[in-house]
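Coordinate analysis (summary)
Listed below are the residues making up each chain.
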2 protein chains.
Amino acid sequence: MDDVVKELADALPDGVVTTDEAALEKYRHDWTHDAGAGMPLAAVRAESAEHVQETVRWAARHGIGVVPRGAGTSLSGGSMAVDGCVTLSLERMNRVEIDTDSRVAVVEPGAFNVEVKRAAAAEGLWYPPDPSSYEICSIGGNVATNAGGLCCVKYGVTTDYVLGMDVVLADGTLVTLGGKRIKDVAGLSLLKLFVGSEGTLGIVTKAVLRLVPAQQPSSTVVATFPTVADAAAAVVELGRSVRASMVELMDRASINAVEDFRPMGLDRDAGALLLVQSDAPGATRADEVAAIVAACELHGAKEVLDTDDPEDGEMFVQARRIHFTALEPRGSVLPEDVGVPVPQLPELLAEIEAIGQRHDVEIPVVAHAGDGNTHPAIVYDAGDADSERRARLAFDDVMHAAIRLGGTITGEHGVGRMKKGCLEDQVGPDVMALNRKVKAALDPQGILNPGSFV
Amino acid sequence: MDDVVKELADALPDGVVTTDEAALEKYRHDWTHDAGAGMPLAAVRAESAEHVQETVRWAARHGIGVVPRGAGTSLSGGSMAVDGCVTLSLERMNRVEIDTDSRVAVVEPGAFNVEVKRAAAAEGLWYPPDPSSYEICSIGGNVATNAGGLCCVKYGVTTDYVLGMDVVLADGTLVTLGGKRIKDVAGLSLLKLFVGSEGTLGIVTKAVLRLVPAQQPSSTVVATFPTVADAAAAVVELGRSVRASMVELMDRASINAVEDFRPMGLDRDAGALLLVQSDAPGATRADEVAAIVAACELHGAKEVLDTDDPEDGEMFVQARRIHFTALEPRGSVLPEDVGVPVPQLPELLAEIEAIGQRHDVEIPVVAHAGDGNTHPAIVYDAGDADSERRARLAFDDVMHAAIRLGGTITGEHGVGRMKKGCLEDQVGPDVMALNRKVKAALDPQGILNPGSFV
């Protein structure tokens, strides 16, 4: 342990700072598994906001970068280490407290999304945002990326539920933004600025999250289509009249990857599968299901089945959720997260298919189709330099296809380190300059999540 | 017209710039009717984003302040002129375009909220945010203040519906943030930062607003209570199980002011009236109505009536909406907009009553009770210096009461010029410094809405 790190270790309780090689090996990486991950000087496992402040003050004094980290499930390299930084893990700060009268959860950043859901459910309440990884991703990461999920087509994304937060700024100051009040427009919307800032402006040490009454049971429609274009057309159609609580799409490659991994009897010949749920209460659920079925049939569905049994429905949702895991045996994956306006979904999906063919890589696609947000997964052989080269070309091409269609390079994963090269292509030089101005104003030394998008 | 103003007038089409005294008299004021309103050098009635850019570039060159203005219905002095500024009116930029496939409205800032609602309704779609003034307030103002309204207890506020915008920055650059895509986390959440920035960071020249399928018909519950505390307790209670689409409260003074103005048979002896709607579909509406009625009865309601007739319900909503107009015959009004966490609502209402007594001023209160957002209206005699002095003391006391209860000085009107003296008391010096850093980064000359909160 060098003198500079020792200074920090001495200022914090035993066991908070580690320079153990095996530990650092774990903290270097996130789920991006990028070979370019750097090696941190040390990892800090903060147990309180004071530890975070102490660490940031120390980092500011020495001009050392701080990479904040929740559960390390970033798919964009957002919590990947850079050489010479410290990784600041929030995993030990994981308290969850429910205030039933105010209907909020007060949550530390290391708590998992599922823990907030469970604590809320115990009081008959619900925290809606549900990234596919909700059982293993942290609230800190959710807030940092403004995470979405499956139900956000009806219930919105993380930012819609953040009422307040404590943030440690780049000079170690702790500020409280918002609180348990539902509406508050006093001053600039700094709270909303910090949501989605990916640890580049400050480090969240507490979040006040809005809860709502428990969700009603859902009915599920599963429809297969000859082509993804047909399925996408059905999505546009049903969006006109139904506020579905889930509108997920799997393309043929994704269906087959899941069937290979865990056979569930999905139709391997279908061009695409739509998984749509309605949680409308009472008899209206049947009306919504009928409207969803009609939209699918109108756009050439091969087979449509619907069920009111939540367990049957959940089985299909599981098939969708394991998509990412199901790809593991197939090779390494560059996970995409591009989105377009919903009417451009068919065109984006066609482009992705063409890109896969052009670069000779497999690109199974799942999509939060109701939001136009797709997750093409570019599969490659990490041991084969040419395969990786072709995958990276495809990765860039998919982002540029989304940009050309009026879309975004990231709908919910964040830019992180994997996509920073394409951010300016999307937003243009003027908005890029705005990003930099805000960053420079709040973190003039550039110590917060260095090497990330801004 | 002096040389500097002439330079601008020459650069823009005839009739865009005016220095006509009668016109300026109109543009000086907003609905705050504050005697301290300044006199602008000129008013610019922009017809395009280019006119806005031209004006801002000219202002930057000469170091002249620009006060942007939509319909001038600000209740916080947000669009009030300051001496030597130009007022930049967006009233002529009022196009509304509906894209049904993307389910968005593309709207210029001068369009009224009601015009967006109407255009959306013509396509079977709905733009939810509904400030009480929705028939006469502009979308530009709604975006600038992150306006709320009656249905936002269930459907959220303006920021939840802004998918994109064009903004003219302090140097005249026009940037496009977001777009028709529903989810987008690429880069900092600048879009959300500009929403609610009250014209201090840039001038919105176009907004892309999310639309949803048309609202279902509503059932209405009207309940009277012996005290506001009972009514507030019923609000907390029903929030546990019901996602009501409207939860409005009127206190005795407000009921009587409305009855004086337009007799509707409201119970003048009630301590408070709750007006609650459910727009749940199908048979669930009856379940929600039953739960709302039960919550009211549990907390001592004197009388509870419910109706499924939308016209009957709308009559009560009108009674609530005319509250502000009904106060006109009673004198001048300092309109408050303080909010607290919902469980603190009874305490806030009790405090407001005590403040009225202490300063001997009438303070009728209506509240978006389900959000904890109240509108105490401090009535005074503008011709009587002592009355005005007491009103201003009450105005400050109400804000500080909200702050003490963990609340905010403004839930939806904005800080503007009327409340800027109290902003730091709420957010503290560190958050105030953060506001100033962001402002300085984006508008270093301080020409955008000078004299406003930051």
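Rules behind the numbers
- Residues numbered from 1 in each chain as written.
- Chains lettered and ligands numbered in written order.
- Predicted model: local features only at pLDDT ≥ 70, side-chain atom pairs only at ≥ 80, totals over all residues.
- Heavy atoms only, no water.
- Contact = heavy atoms within 4.5 Å.
- Buried area = accessible area lost by both parts, 1.4 Å probe.
- Salt bridge = Lys/Arg side-chain N within 4 Å of Asp/Glu carboxyl O.
- Polar contact = N/O pair within 3.5 Å; in protein donor to acceptor, adjacent residues only side chain to side chain.
- Helix = DSSP H or I, 4+ residues; strand = E, 2+ residues; numbered from the N terminus.
- Nonpolar A, V, L, I, M, F, W, Y, C, P; charged D, E, K, R; others polar.
- Buried < 20%, exposed > 50% of the residue type's maximum accessible area, 1.4 Å probe, protein only.
- Arc of directions from axis to C-beta.
- Expected span 1.5 Å × (residues − 1).
- Domains from an automatic or database assignment.
- Axes fitted to C-alpha atoms, helices over the stretch in contact; angles between N-to-C directions.
- Parallel < 35°, antiparallel > 145°, perpendicular 65-115°, else oblique.
- Left-handed = near helix turned anticlockwise from the far one by under 90°.
- Phe/Tyr/Trp six-rings, centres within 6.5 Å; stacked < 30°, edge-to-face > 60°.
- UniProt positions renumbered as here; feature names shortened; annotations may be inferred.
- Least-squares fit on C-alpha atoms with pLDDT ≥ 70 in both.
- Pairing = 2+ DSSP bridges.

**Observations concerning the interface of chain A and chain B**
Listed as interface residues are 84 residues of chain A and, on the opposing side, 84 residues of chain B. Area buried by chain A at its contact with chain B is led by Lys-183, Val-185 and Leu-188 of chain A, which between them contribute 14% of it. Arg-240 of chain B is the partner of Asp-101 of chain A in a salt bridge, and the nearest nitrogen-oxygen pair spans 2.8 Å. Where chain A touches chain B, the interface holds 21 residue pairs in polar contact (both at pLDDT 80 or more). Among the elements of the structure, helix 6 (152-155), strand 9 (174-178), helix 7 (190-194), strand 11 (212-213), helix 8 (228-239) and helix 15 (420-442) of chain A are those that each provide at least two residues to the side of chain A that touches chain B. When the residues that make up the side of chain A that touches chain B are grouped by side-chain class, the tally is 37 nonpolar, 30 polar and 17 charged.

**Focus on helix 4 (residues 113-121) of chain B**
Residues Asn-113, Val-114, Val-116, Lys-117 and Ala-120 of chain B constitute the buried set of helix 4 of chain B. Projected onto a plane normal to the axis of helix 4 of chain B, the buried residues spread over an arc of 160° and lie on a single side.

**Some thoughts on helix 14 (residues 385-404) of chain B**
Residues and elements named next belong to chain B. Given a rise of 1.5 Å per residue, 20 residues ought to cover 28 Å, and the 29 Å separating the end C-alpha atoms of helix 14 matches this to within 8%. All of the buried residues along helix 14 are Ser-387, Arg-390, Ala-391, Ala-394, Phe-395, Val-398, Met-399, Ala-401, Ala-402 and Ile-403. Contacts from the buried residues of helix 14 go to strand 16 (332-335), helix 13 (345-359), strand 18 (373-380) and helix 15 (420-442). Regarding helix 14, its N-cap is Asp-384, as a side-chain oxygen of that residue lies 2.9 Å from the backbone nitrogen of Asp-386 further along. Downstream of helix 14 by one or two residues, Gly-406 has phi in the positive range, about 75°.

**Focus: the domain arrangement of chain A**
Residues and elements named next belong to chain A. Domain annotation for chain A reports domain 1 (3-89), domain 2 (96-213), domain 3 (216-326) and domain 4 (333-444). One C-alpha centre belongs to domain 3, the other to domain 4, and the line joining them spans 25 Å. On the side of domain 4, 17 residues touch domain 3, which itself brings 15 residues to the contact. Across the interface of domain 3 and domain 4, roughly 1,300 Å² is buried in total on both sides, 72% from carbon and sulfur atoms. Taken as a group, Leu-249, His-323 and Phe-324 account for 31% of the area that domain 3 buries against domain 4, more than any other trio of residues on that side. Across the domain 3-domain 4 interface, the total number found is zero salt bridges.

**Overview of the packing of helix 15 of chain A against helix 15 of chain B**
Across the interface, helix 15 of chain A lies against helix 15 of chain B with an axial gap of 9 Å and an inter-helix angle of 140°. One way to sum up the angle between helix 15 of chain A and helix 15 of chain B is to call them oblique. As helix 15 of chain A packs across helix 15 of chain B, the resulting crossing turns out to be right-handed. Together, Leu-434, Lys-437, Val-438, Ala-441 and Leu-442 of chain A of helix 15 of chain A and Leu-434, Lys-437, Val-438, Ala-441 and Leu-442 of chain B of helix 15 of chain B make up the contact between the two elements. Of the residues belonging to the contact of helix 15 of chain A with helix 15 of chain B, the class tally is eight nonpolar, no polar and two charged.

**Looking at the packing of aromatic side chains**
Residue and element names in this part refer to chain B. One pass over the structure, following the stated rule, counts six aromatic pairs over all chains. When the centroid spacing of 4.7 Å and the interplanar angle of 75° are considered together, the rings of Trp-126 and Tyr-155 count as edge-to-face. With Trp-126 in strand 7 (residues 125-126) and Tyr-155 in helix 6 (residues 152-155), the pair connects residues that are 29 residues apart, well separated along the chain. Residue classification places Tyr-155 among the buried residues on the basis of a relative accessible area of 15%.

**Thoughts on the UniProt feature "domain: FAD-binding PCMH-type" (unreviewed entry) in chain A**
UniProt records the feature "domain: FAD-binding PCMH-type" (unreviewed entry) at residues 36-214 of chain A, using the numbering of this structure. The span residues 36-214 of chain A carries 22% helix and 25% strand; its end-to-end C-alpha distance comes to 43 Å.

**Details of the relation of the copies chain A and chain B**
Put simply, the two copies of the chain differ by a rotation about an axis and a shift along that axis. The two copies are related by a screw motion: chain A maps onto chain B through a turn of 180° and a shift of 0.0 Å along the axis, at an RMSD of 0.0 Å. Such values leave the two copies arranged in the relation of a two-fold axis.

**Digging into the pairing of strand 10 (residues 203-210) of chain B**
All names here are of chain B. Buried residues dominate strand 10, accounting for seven of its eight residues. Taken together, the four bridges between strand 6 (residues 104-107) and strand 10 define a ladder with antiparallel strand orientation. Across the sheet, the residue bridging to Val-104 is Arg-210, located in strand 10. Pairing of strand 8 (residues 162-168) with strand 10 involves six bridges; the strand directions are antiparallel. Paired with Gly-164 across the strands is Val-208, a residue of strand 10.

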